[in-house]
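# Overview (structure and organization)
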Amino acid sequence: MYRQVPISIDYPLSIRPMREINGFPVRPGFYNMNGAMVLDAGVNFTVHTRDGQSCELLLFHNGEEEPYAVLPFPEEYKIGDVYAMIVFGLDIDKFEYAYRVSGPYDPEKGLIFDRNAILLDPYARAVAGQRQWGVRKTDSYHARVVRDTFDWGVMPQSKKELCDLVIYELHVRGFTQHPSSGVKHPGTFDGLREKIPYLKELGINAVELMPIFEFDENRDAREVNGRKLLDYWGYNPICFYAPNSSYTTMDSSQKAGVELKMLIKELHDNDIEVILDVVFNHTAEGNELGPMFCFKGFDNRVYYMLTPDGNYYNFSGCGNTLNCNHPIVQQMILDCLRYWTINYRVDGFRFDLASILGRHEDGTPLNNPPLLRSLAYDPVLSNVKLIAEAWDAGGMYQVGSFPASRRWAEWNGRYRDVMRSFLKGDNFASRTAASSIAGSGDLYGGIYEEGKGNYVGYNSCINFLTCHDGFTLYDLYSYNEKHNEANGWNNTDGANDNRSWNCGAEGETDDPEVIRLRRQMIRNACAVLLCSRGTPMFYAGDEFGNTQYGNNNGYCQDNEISWLDWSLLTKNHELFEFFRFMISYRFRHQIIRKRLPDAVCGMPPLRVHDANADVTDIPEGARTIGISFAGYDRQKGRDDMVYIAVNSYWEDVQITLPYIPGGGAWYLSVNTTGDEFGRYCYRDFEERRMDGSFLMRARSVAIFTGRPY
């Protein structure tokens, strides 16, 4: 099997073969280079297993399931738990690779090694056989070796503060897959790239991409009522380092990274940041009944949280839970995020079910999780955004208490719930609603940073009313109940606590009054979200009334239920224009986004108000609330003052406006009920001066801009 080979002048003297294994010249590799790396003379393969006893490298011709070569790692090519070997003479375009690991089998101790299992490299940069969406061609996953030659040019890292972003969450495939999208490459990174002019027109400056790591959409494929259902969302990763090759137009899985990099570069060129939704809480290997294709086969009890009898803890709701605070897994996650930051220039990460990242190996919560601290203080990650979905499926809910190290932001789940309730008329939420619009200071504090003119707390808060998980904004005001029958679970899946309101008719209707009210409620939600302190996020398509027909859990719907219907952009263009105005208004008024130096006129920096603005303690059960922001904008050289009033009552209410010390006036910028000309918003030169009071129509929002004399 092994034989020594003579030194050859065909190889660099510093890296030359030392023996031959099954016909391939090899030598010991680089033990600190996880994964497969291209060298001038060959390919370095490095992999580790703590409990495994031997390891084999398998080489496959492209697209074939039987290896054409098996190269056992010599024992002397192992240091500690790490195997490393350089194989000479390989053409990376002509092979795929995988591993087999032998070791003990004792399931009650978490040891389930299978020497026949073909294992994907945990550090694979590309996965083969996944190119064609919805078609699984192989029984096992093979990796491809990638040579990174992409030229980023001169591209400084973005330094935008989180509170200066407007985040637009989208699904790469669903964004352009519908025939109405009009792109050349629907459902791909290139298709999204074709829509960048639209994103610029809308005005957002950050996209949050639902999972783009390689996942197997066929893992739980099934048929319901003649329709094939897939793992469409992608929250079942098979590889953390590889982009999803089915989101590409090129045939080679090695090119997946190129198209994604081209997309990110063009987004950056248009001043749009890129945030990745990352899933480090579980993998697609599932529980005891799930497949073994990677982590189970290398070190099951290292990579997963196991019960004392060797079964899988399921804090993810997906069968297994990644053992994030084990030192080996912690290092893998840190290396992975560094890789995406360096090699793909990603600007931030949103962590799915992030509370799992704070659990000990036995599942108990940690007070100061080492993984979260490592990510918070890592020098490579120092400028990227770290955003937590601060709960998990095991019952841990940490909104407002996620171990932040003053670096982590959170999806503000309370904002979503309270504002949904208040906007539809549940007045029990009035005080918390006012606090939420003002920045949720009771959750996130508000530590003032001298010299930066900002409260740290406001960079901790991601405000949202909609996201991929739940109703779209249109459906929020079109359905009282979820309608997930198409998912095949008898409508038992998906959240029941939606706090939605159908405005008088369930689903589609021809009633003009219901349609008018629904549009007004959408404008209300948009106006409040974009005028709330913190970072606003909304779901793609909300800006033109996209619907999922009442389905609030479209994870399996790769069809018109989940795809954006771009014809609605024409039908509901007035909604799009309103969103566009509100985004622009937010950017024009720093005072909404952050604390500025005190206003010269003497108006307090932040206050909440009753319908009578002189009352700054909102009574229990208030149906009309107001929030005023004021400060001195150095860039404009004048005071910046904004007042937002929200009337959730079903009747008209006369309100008074806050007093501006030293004299001044309020000008109407937004009125969601519209005027006699059908206008809902006014540019600076169109704004209407107020006389100190305003009649708010039922269920409406009004925004005023203050100017001193």
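Values in this document were obtained by computation on a predicted structure and should not be read as measured data. (Residues numbered from 1 in each chain as written. Predicted model: local features only at pLDDT ≥ 70, side-chain atom pairs only at ≥ 80, totals over all residues. Heavy atoms only, no water.)

### Observations concerning the overall build of the chain
Helix and strand counts for the chain come out as 15 helices and 36 strands. For 709 residues, the compact-globule estimate of 2.2 N^0.38 gives 27 Å, and the C-alpha radius of gyration of the chain, at 28 Å, lies within 12% of that figure. Principal axes of the C-alpha set define a box for the chain whose edges measure 95 × 60 × 50 Å. In the chain, the share of contacts with a sequence separation of at least 24, taken over all contacts with a separation of at least 6, comes to 71%. Carbon together with sulfur atoms contributes 49% to the accessible area of the chain, which is approximately 26200 Å² in total. (Helix = DSSP H or I, 4+ residues; strand = E, 2+ residues; numbered from the N terminus. Rg over C-alpha atoms; globule rule 2.2 N^0.38 Å. Contact = heavy atoms within 4.5 Å. Areas by Shrake-Rupley, 256 points an atom, 1.4 Å probe, with all protein chains shown as cover.)

### Quick look at the nonpolar core
Residues Phe45, Tyr97, Tyr168, Trp340 and Phe351 are the most contacted members of the largest nonpolar core, which totals 196 residues. In terms of residue count, helix H12 (residues 512-530) provides more of this core than any other element does, 10 residues in total. In contact with Tyr168, other than residues within four places in its own chain, are Phe175, Tyr198, Leu199, Leu202, Ile204, Ala206, Val207, Glu208, Phe538, Ala540, Gly541 and Glu543. Counting residues in each nonpolar core, the second largest holds 21 residues, with Met641, Tyr643, Ile655 and Tyr682 among its members. (Core = buried A, V, L, I, M, F, W, Y, C linked by side-chain atoms within 4.5 Å. Buried < 20%, exposed > 50% of the residue type's maximum accessible area, 1.4 Å probe, protein only.)

### What to know about the layout of surface pockets
Estimated volume of the largest pocket: approximately 1200 Å³. Lining the largest pocket we find 44 residues, and of these Trp233, Ser316, Cys318, Asp469 and Asn553 sit closest to its centre. The greatest single-element share of the lining of the largest pocket, amounting to three residues, is contributed by helix H8 (residues 413-423). Tallied by class, the residues present in the lining of the largest pocket amount to 17 nonpolar, 15 polar and 12 charged. (1 Å grid on protein atoms, 1.4 Å probe; cavity = no way out; pocket = protein on both sides within 12 Å on 5 of 7 lines; lining within 4 Å. Points joined across faces, edges and corners; volume = space filled by probe spheres on them. Nonpolar A, V, L, I, M, F, W, Y, C, P; charged D, E, K, R; others polar.)

### Side note on the sheet that holds strand S28 (residues 535-539)
The parallel closed barrel is built from eight strands, whose spatial order is S15-S16-S21-S22-S23-S24-S27-S28. Between one strand and the next, the sheet's axes are offset by a mean angle of 25 degrees, whatever the strand orientation. Two strands pair when backbone bridges link them, and strand S15 (residues 167-170) and S28 are joined in this way by three bridges, in the parallel orientation. Bridge pairing in S28 places Ile167 opposite Met537. (Pairing = 2+ DSSP bridges. Axes fitted to C-alpha atoms, helices over the stretch in contact; angles between N-to-C directions.)

### A short note on the pattern of salt bridges
Considering all chains together, one arrives at 38 salt bridges under this definition. Arg50 is the partner of Asp51 in a salt bridge, and the nearest nitrogen-oxygen pair spans 3.7 Å. The exposure class assigned to Asp51 is buried, which follows from its relative accessible area of 17%. For the salt bridge of Glu56 with Arg100, the shortest nitrogen-to-oxygen distance reads 2.9 Å. Of this pair, Glu56 sits in strand S6 (residues 54-60) while Arg100 sits in strand S10 (residues 96-102), and the two are 44 residues apart along the sequence. (Salt bridge = Lys/Arg side-chain N within 4 Å of Asp/Glu carboxyl O.)

### Topic: unusual backbone geometry
At Asp271, a position not held by glycine, the phi torsion is positive, near 65 degrees. The residue Asp271 is located in the loop between helix H4 (256-269) and strand S21 (273-278) in this model. We note that Tyr549 has phi near 60 degrees; this positive angle belongs to a residue other than glycine. The class of Tyr549 is partly exposed, set by a relative accessible area of 40%.

### Regarding the sheet that holds strand S30 (residues 624-633)
The strands making up a sheet associate through hydrogen bonds between their backbones, and the pairing can be parallel or antiparallel. Strand order across the open sheet formed by six strands is S29-S30-S31-S36-S33-S34, with antiparallel pairing between neighbours. Two strands close off the open sheet at either side, each with one partner strand: strand S29 (606-609) and strand S34 (688-689). Across two bridges, the pairing between strand S33 (residues 664-671) and S34 is antiparallel. Considered in S34, the bridge of Leu668 is made with Arg688.

### Quick look at the packing of aromatic side chains
In this structure the tally under the stated criterion is 47 aromatic pairs. Ring geometry for Tyr339 against Trp340: centres 6.0 Å apart, planes inclined by 80 degrees, an arrangement best described as edge-to-face. Here Phe471 and Tyr479 contribute two aromatic rings whose centre-to-centre distance is 6.4 Å and whose plane-to-plane angle is 25 degrees, an arrangement assigned as stacked. The residues Phe471 and Tyr479 share a single accessibility class, namely buried. Directly above the aromatic system of Trp411 lies the positively charged group of Arg350, at a separation of 4.0 Å from the ring centroid. The ring centre of Phe581 lies 5.5 Å from the NZ or CZ of Arg588, which sits over that ring. (Phe/Tyr/Trp six-rings, centres within 6.5 Å; stacked < 30°, edge-to-face > 60°. Lys NZ or Arg CZ within 6 Å of the ring centre and 35° of its normal.)

### Quick look at empty space enclosed by the protein
Unfilled space is identified by rolling a water-sized probe across the atoms. Applying the stated criterion to the full structure yields three cavities of 30 Å³ or more. Volume-wise, the largest cavity comes out at about 50 Å³. If you trace the largest cavity, you find it lined by Leu465, Thr466, Leu473, Ala525, Cys526, Leu529, Phe538, Asp542 and Phe579. Per element, the largest residue contribution to the lining of the largest cavity is three residues, and it comes from H12. Residues that form the lining of the largest cavity fall into these classes: seven nonpolar, one polar and one charged.

### Some points on the packing of helix H5 (residues 295-303) against helix H6 (residues 327-343)
Contact geometry for H5 and H6: axes closest at 9 Å, N-to-C directions at 115 degrees. Only Ile328, Val329 and Met332 of H6 make contact with H5, whose side of the interface consists of Phe295, Val302 and Tyr303. Looking at side-chain class alone, the contact of H5 with H6 contains six nonpolar, no polar and no charged residues.

### Things to note about the environment of Ala540
Inspection of the secondary structure assignment puts Ala540 in the loop between S28 and helix H13 (567-571). Separated by 405 residues in the primary sequence, Ala540 and Val135 place their C-alpha atoms 27 Å from one another. Ala540 has contacts with Tyr168, Glu169, Leu170, Phe175 and Leu564, leaving out every residue within four places of it along the chain.

### A closer look at the pairing of S6
When you tally the buried positions in S6, you get six out of seven residues, the bulk of the element. In this sheet, S10 lies alongside S6 in antiparallel orientation, the contact comprising seven bridges. Across the sheet, residue Glu56 finds its bridge partner in S10, namely Arg100. Sheet topology note: the S6/strand S7 (residues 69-72) ladder contains four bridges and is antiparallel. Bridging from a neighbouring strand, Leu57 pairs with Leu71 of S7.

### Here's the deal with the packing of H8 against helix H9 (residues 430-437)
With their axes 9 Å apart at the nearest point, H8 and H9 run at an angle of 125 degrees to one another. Here H8 is positioned oblique relative to H9, judged by the angle of their axes. Classified by chirality, the crossing of H9 by H8 is left-handed. Touching Arg414, Tyr415, Val418, Met419 and Phe422 of H8 are Ser430, Thr432, Ala433, Ser435, Ser436 and Ile437, all from H9. Here the contact of H8 with H9 is built from residues that sort into six nonpolar, four polar and one charged. (Parallel < 35°, antiparallel > 145°, perpendicular 65-115°, else oblique. Left-handed = near helix turned anticlockwise from the far one by under 90°.)

### Looking at the confidence of the model for the chain
On average, residues of the chain carry a pLDDT of 93, and 95% of them reach 70 or more. Confidence drops under pLDDT 50 across residues 447-456; counting only partners more than four residues distant or on other chains, this segment forms 23 contacts. (pLDDT = per-residue confidence, 0-100.)

### Some points on the state of the cysteines
Throughout the structure, instances matching the rule amount to zero disulfides. Note on Cys318: no disulfide assigned, nearest cysteine sulfur contributed by Cys556 at a separation of 13 Å. You can call Cys318 partly exposed: its relative accessible area is 29%. Summary of cysteine pairing: Cys324 is not part of a disulfide, and the nearest cysteine sulfur, belonging to Cys336, is at 12 Å. (Disulfide = S-S within 2.5 Å.)

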